[in-house]
Amino acid sequence: MNTTKSFIRGTGAYLPQRVLSNDDLAQMVDTSDQWIRDRTGIQQRHIAAEGELTSDLAVASAKEALKNSGLVPADVDLIVLATTTPDQTFPATATAVQSKLGITGGAAFDVQAVCSGFLFALATADSMLRQGLFSTALVIGAETFTRILDWSDRSTCVLFGDGSGAAVLQAAPGAENEGVIAHHIRTDGAKSDLLYVDGGVSSTGTIGHVRMQGNQVFRHAVTNISSAIETVLEQTGYTIADVDWFVPHQANQRILSGVAKRLGLDDEKVVSTVSHHGNTSAASIPLALHTAISDGRIKKGDLVLSEAMGGGFSWGASLFRL
Ligand SMILES: CC(C)(COP(=O)(O)OP(=O)(O)OC[C@H]1O[C@@H](n2cnc3c(N)ncnc32)[C@H](O)[C@@H]1OP(=O)(O)O)[C@@H](O)C(=O)NCCC(=O)NCCS
């Protein structure tokens, strides 16, 4: 039976021009290319130029996503932007994107779930489209994450980068196994002290820097992500063998390989782009998704499983068909 579903019509991505290599970082802190590659799989990250804002990154990826969807900004009536690094405390960066794209109607707002942000934004937009509140959404993950790094802390500054990815989601009649199929999103505020920023508007009045107990985060990540994936599969009746592509949050090659191994996923089904851009927080899933669609790996009709884990803790999994 057909109901209103949401469908991914196209994707886009943007990475700032400037590249910072592991060797560059080794000039700044006591680290090495070998250590970073062995522990994380990261080879380089992109850094936004001075004056280049999160909304600029978002707009670049959104324009490409619209082009690949065969749509124009005037078709969009909803923008859900996942970011931890907004242009300003308010208004929402999504409204800057709305204005820069010349969109005058509909609604635009931000979602804050750190590295899980894109999946939270996707679940939010999908629910609103299926309810008939809007017809065409830009779902964007965009970060200038390197602006909240402590460049003297080698345990965090080597991990992250800037970037943006976007997907156009559109409501249309569809069957249960078409379009966006299921989500499972969760948070656990009691673990917030393991990954956080030591500043904020109402606490210190400063922006602050990322602080993390990396080994603790690693341990929780594999467990939480695996459990979210199992829940999504149970809810929908699919098995891991049905999944054509696994598009995980690109935090660390060891986490994404650990999850894939635990679930029994073939390595060839795992989309990994972390080596090229590091952990771009909310941007990483749409960046990886766009890469694998653009290079022809993910095709129309393929079943895609995505997952993420981030500060909060926040985590989740989504299942969708292209
Ligand atoms: C960050 C991470 C790579 C560190 O690897 P690890 O094996 O857990 O390393 P540890 O934190 O236990 O530190 C081991 C040693 O490496 C050192 N180290 C940390 N960062 C380093 C770096 N960039 N270069 C060289 N040495 C480093 C530590 O100081 C420590 O030294 P010590 O033994 O002399 O005290 C790993 O914990 C990880 O990937 N965690 C998940 C982080 C993540 O993805 N967060 C975002 C989730 S959205």
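(A) Region of interest: the site of the ligand. Taken together, the neighbourhood of the ligand is formed by 21 residues, with T31, R39, R154, G214 and N252 sitting nearest. Within the backbone of G214, an N or O atom sits 2.9 Å from a nitrogen atom of the ligand. Burial of the ligand by the protein amounts to 72% of the accessible area it has alone, namely 960 Å². For the shell around the ligand, the secondary-structure elements that each account for two or more residues are α2 (33–40), α6 (154–157), α7 (214–236) and β12 (303–310). If you tally residues by element for the shell around the ligand, the top one is α7, at four residues. Looking at the shell around the ligand, its residues break down into nine nonpolar, nine polar and three charged. Split by domain, the residues of the shell around the ligand number at least three in each of domain 1 (3–174) and domain 2 (180–321).

(B) Looking closely at the packing of α7 against helix α8 (residues 253–263). Relative to each other, α7 and α8 sit at 45°, their axes nearing to 10 Å. Accordingly, the angle class assigned to the pair α7 and α8 is oblique. Both α7 and α8 take part in a crossing whose hand is right-handed. Along its contact with α7, which presents F218, A221, V222, T223, I225, S226, I229 and E230, the element α8 presents R254, I255, V259, R262 and L263. Partitioned by chemical class, the residues of the contact of α7 with α8 number eight nonpolar, two polar and three charged.

(C) A look at the domain arrangement of the protein. If you check the domain split of the protein, you get domain 1 (3–174) and domain 2 (180–321). On a C-alpha basis, the centroid separation for the pair domain 1 and domain 2 is 14 Å. With 53 residues of domain 1 in contact, the opposing surface of domain 2 contributes 47 residues. Taken over both partners, the interface formed by domain 1 and domain 2 buries close to 3,700 Å², and the fraction arising from carbon and sulfur atoms is 66%. Along the contact surface separating domain 1 from domain 2 lie two salt bridges. When the shortest N-O distance is used, the salt bridge between R211 and D150 registers 3.0 Å. Taken together, domain 1 and domain 2 are joined by 23 residue pairs in polar contact (both at pLDDT 80 or more). Of all the elements in the fold, those that place two or more residues in the side of domain 1 that touches domain 2 are β1 (3–14), α2, β3 (44–47), α3 (54–69), α5 (117–130), β6 (136–143), α6 and β7 (163–174). Taken together, the residues of the side of domain 1 that touches domain 2 break down into 22 nonpolar, 21 polar and ten charged.

(D) Structural context of the sheet that holds β7. Within the open sheet, the five strands sit side by side as β1-β7-β6-β4-β5. Their pairing is mixed. The open sheet terminates on both sides in strands that have one partner only, identified here as β1 and β5 (107–111). If you compare each strand with its neighbour and ignore which way they point, the axes differ by 20° on average. Relative to β6, strand β4 (residues 78–82) runs parallel, the two being bridged by five bridges. Considered in β6, the bridge of A82 is made with G141. Each of β1, β6 and β7 touches helix α10 (residues 284–294); the most contacted strand, β1, lies at about 85° to it.

(E) Representation of the packing of aromatic side chains within the structure. Per the stated rule, a full pass over the model turns up one aromatic pair. Ring centres of F145 and F160 lie 4.6 Å apart, and the angle between their planes is 25°; on these two criteria the pair is classed as stacked. Of the two residues, F145 is situated in the loop between β6 and α6 and F160 in the loop between α6 and β7; the sequence distance between them amounts to 15 residues.

(F) View of the sheet that holds β12. Read from one edge to the other, the open sheet built from four strands follows the order β8-β13-β12-β11, with strand pairing classed as mixed. The sheet is open, and its two edges are formed by β8 (180–187) and β11 (245–248), each paired on a single side. For this sheet the average axis-to-axis angle between neighbouring strands, irrespective of direction, equals 10°.

Conventions used here
- Residues numbered from 1 in each chain as written.
- Predicted model: local features only at pLDDT ≥ 70, side-chain atom pairs only at ≥ 80, totals over all residues.
- Heavy atoms only, no water.
- Near = heavy atom within 4 Å.
- Polar contact = N/O pair within 3.5 Å; in protein donor to acceptor, adjacent residues only side chain to side chain.
- Areas by Shrake-Rupley, 256 points an atom, 1.4 Å probe, with all protein chains shown as cover.
- Helix = DSSP H or I, 4+ residues; strand = E, 2+ residues; numbered from the N terminus.
- Nonpolar A, V, L, I, M, F, W, Y, C, P; charged D, E, K, R; others polar.
- Domains from an automatic or database assignment.
- Axes fitted to C-alpha atoms, helices over the stretch in contact; angles between N-to-C directions.
- Parallel < 35°, antiparallel > 145°, perpendicular 65-115°, else oblique.
- Left-handed = near helix turned anticlockwise from the far one by under 90°.
- Contact = heavy atoms within 4.5 Å.
- Buried area = accessible area lost by both parts, 1.4 Å probe.
- Salt bridge = Lys/Arg side-chain N within 4 Å of Asp/Glu carboxyl O.
- Pairing = 2+ DSSP bridges.
- Phe/Tyr/Trp six-rings, centres within 6.5 Å; stacked < 30°, edge-to-face > 60°.

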